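Results of the structural survey
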Amino acid sequence: MSARSTTESPVPDPSRPDRNLALELIRVTEAAALASARWQGRGEKESGDQAAVDAMRKMLSSVDMDGTVIIGEGEKDEAPMLFNGERVGTGEAPEVDIAVDPVDGTRLLAEGRPGAIAVLAAAPRGTMFDPGPAVYMHKLVVNAEAADVVELDMPIPDLLQAVAKASGKRVGDLTVMMLDRDRHAEFKQQVRAAGARLNLIMDGDVAGGISAAWASRPSVDILYGIGGTPEGVTTACGVRALGGRILGRVWARNDDQRRALLDAGYDLDQVLDTDDLVSSPDCFLACTGITPSELLAGVTFDGHGAVTESLMMRGQSGTVRRVRASHRTDKVATYGG
């Protein structure tokens, strides 16, 4: 990995993430991106994902934190992934909850399409919403300009009017990002009928949510629709840093999922706000591009090594860092296979 300079700080309060944790998390997502990028376009989703998981786990073991994976790749007995409940880090303070998605967009990576990223979020122990059996969530993400004027249940024409007015735009100037799914057919029709622009994506709505919450990057104004609940919680850590807003409600795809959610005590009518998804402002989100997108450049290789581009966001300070790093060939081989 590329060399970095750090400044030592006093022993942190175990209940709060240390400031220096931010740059450590970038190293983790860089490692995952470097490893998985070797599988770009090779049509092997599992291989690319496994490479990222292995690299991420190895790098997480070196981070000074007492971390518990709240949102991971699944239960321990299903696969050798970063599983829910896994302990990561050196075991030293701070005590944090971790959300990981070693490859957000495994199909994008396998097919060589834009938009795959490696993502990790962290927050103080006990402050992240636990999705449990809630696989899907109806969600809405906007930036700070529109944060106070939107509600999840607003009719789409009213939502677009409210965001346009708050942003100083016309409805026809707005871009709504949405996963390209059959379940969104009615949503898409309403956006088009209102005259707004539509950006349909195959996968990867963490990057979409970050783009929508980032007021200084006006290519996306709204993320809307039904996507993953774990991705919603992860996105909330970035939204806090950007000053935007995410609203969501867990969504049952069928009767079996509905029954599982009710049995687990989830309120299917509750609208979850940003603070419900991650209740502490002292949260972090790190992500590194794997394949190129509007948000981040993808991993590039040359005869000397590789180059990565990453984002690091901290909710407490609202700090957003963009890190472009070069990695030597011998070190890249460690992660890239």
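The structure this text deals with has already been given above.
Rules used in this analysis
Residues numbered from 1 in each chain as written. Predicted model: local features only at pLDDT ≥ 70, side-chain atom pairs only at ≥ 80, totals over all residues. Heavy atoms only, no water. Pairing = 2+ DSSP bridges. Helix = DSSP H or I, 4+ residues; strand = E, 2+ residues; numbered from the N terminus. Axes fitted to C-alpha atoms, helices over the stretch in contact; angles between N-to-C directions. Parallel < 35°, antiparallel > 145°, perpendicular 65-115°, else oblique. Left-handed = near helix turned anticlockwise from the far one by under 90°. Contact = heavy atoms within 4.5 Å. Nonpolar A, V, L, I, M, F, W, Y, C, P; charged D, E, K, R; others polar. Core = buried A, V, L, I, M, F, W, Y, C linked by side-chain atoms within 4.5 Å. Buried < 20%, exposed > 50% of the residue type's maximum accessible area, 1.4 Å probe, protein only. Disulfide = S-S within 2.5 Å. Expected span 1.5 Å × (residues − 1). Phe/Tyr/Trp six-rings, centres within 6.5 Å; stacked < 30°, edge-to-face > 60°. Lys NZ or Arg CZ within 6 Å of the ring centre and 35° of its normal.

**Concerning the sheet that holds strand β9 (residues 245–251)**
Taken in spatial order, the five strands line up as β7-β6-β8-β5-β9 in an open sheet, and their pairing is mixed. The sheet is open, and its two borders are formed by β7 (197–201) and β9, each paired with just one other strand. Strand after strand, the sheet turns through a mean of 15° between neighbouring axes, direction not considered. One ladder, built from seven bridges, connects strand β5 (residues 136–142) with β9; its direction is antiparallel. Looking across to β9, one finds that Val141 is bridged to Ile246.

**Re the packing of helix α4 (residues 156–167) against helix α5 (residues 185–194)**
Running from N to C, α4 and α5 cross one another at 50°; their axes reach a closest spacing of 9 Å. Taken together, the axis directions place α4 and α5 in an arrangement best described as oblique. When the axes of α4 and α5 are compared, the crossing they make is right-handed. On the side of α4, the interface is formed by Ile156, Pro157 and Leu160, while α5 contributes Phe187, Gln190, Val191 and Ala194. Here the residues of the contact of α4 with α5 sort into six nonpolar, one polar and no charged.

**Considering the nonpolar core**
Ile210, Leu277 and Cys287 are the most contacted members of the largest nonpolar core, which has 43 residues in total. Sort the elements by how many residues they give to this core and helix α7 (residues 229–242) lands first, with six residues. Not counting residues up to four positions away in its chain, the partners in contact with Ile210 are Thr235, Leu242, Leu285, Cys287, Leu295 and Met313. Listed in part, the 41 residues of the second largest apolar core include Ile26, Ala51, Met312 and Val323.

**Looking at the state of the cysteines**
Counted by the stated rule, this structure contains zero disulfides. There is no disulfide at Cys283, and the cysteine sulfur nearest it, in Cys237, is 4.4 Å away. Classification of Cys283 by relative accessible area gives buried; the value is 0%.

**Notes on α7**
Taking 1.5 Å of rise per residue, the 14 residues of α7 would be expected to cover 20 Å, and the 20 Å separating its terminal C-alpha atoms lies within 8% of that figure. Counting buried positions along α7 yields 12 of 14 residues, so the element is predominantly enclosed. Turning to α7, its buried residues number three or more, namely Thr229, Glu231, Gly232, Val233, Thr234, Thr235, Ala236, Cys237, Gly238, Val239, Ala241 and Leu242. In the segment just after α7, Gly243 is the residue with positive phi, at about 80°.

**A few points about the packing of aromatic side chains**
Scanning the entire structure with this criterion turns up three aromatic pairs. Plain terms: the ring middles of Tyr136 and Trp251 are 5.8 Å apart, the flat faces sit at 90° to each other, and that makes the pair edge-to-face. One end of the pair, Tyr136, is in strand β5; the other, Trp251, is in strand β9, with 115 residues separating them in the sequence. On the basis of relative accessible area, Tyr136 is assigned to the buried category, the value being 16%. On the basis of relative accessible area, Trp251 is assigned to the partly exposed category, the value being 27%. Positioned over the ring face of Phe301 is Arg38, at 3.8 Å from the centre of the ring.

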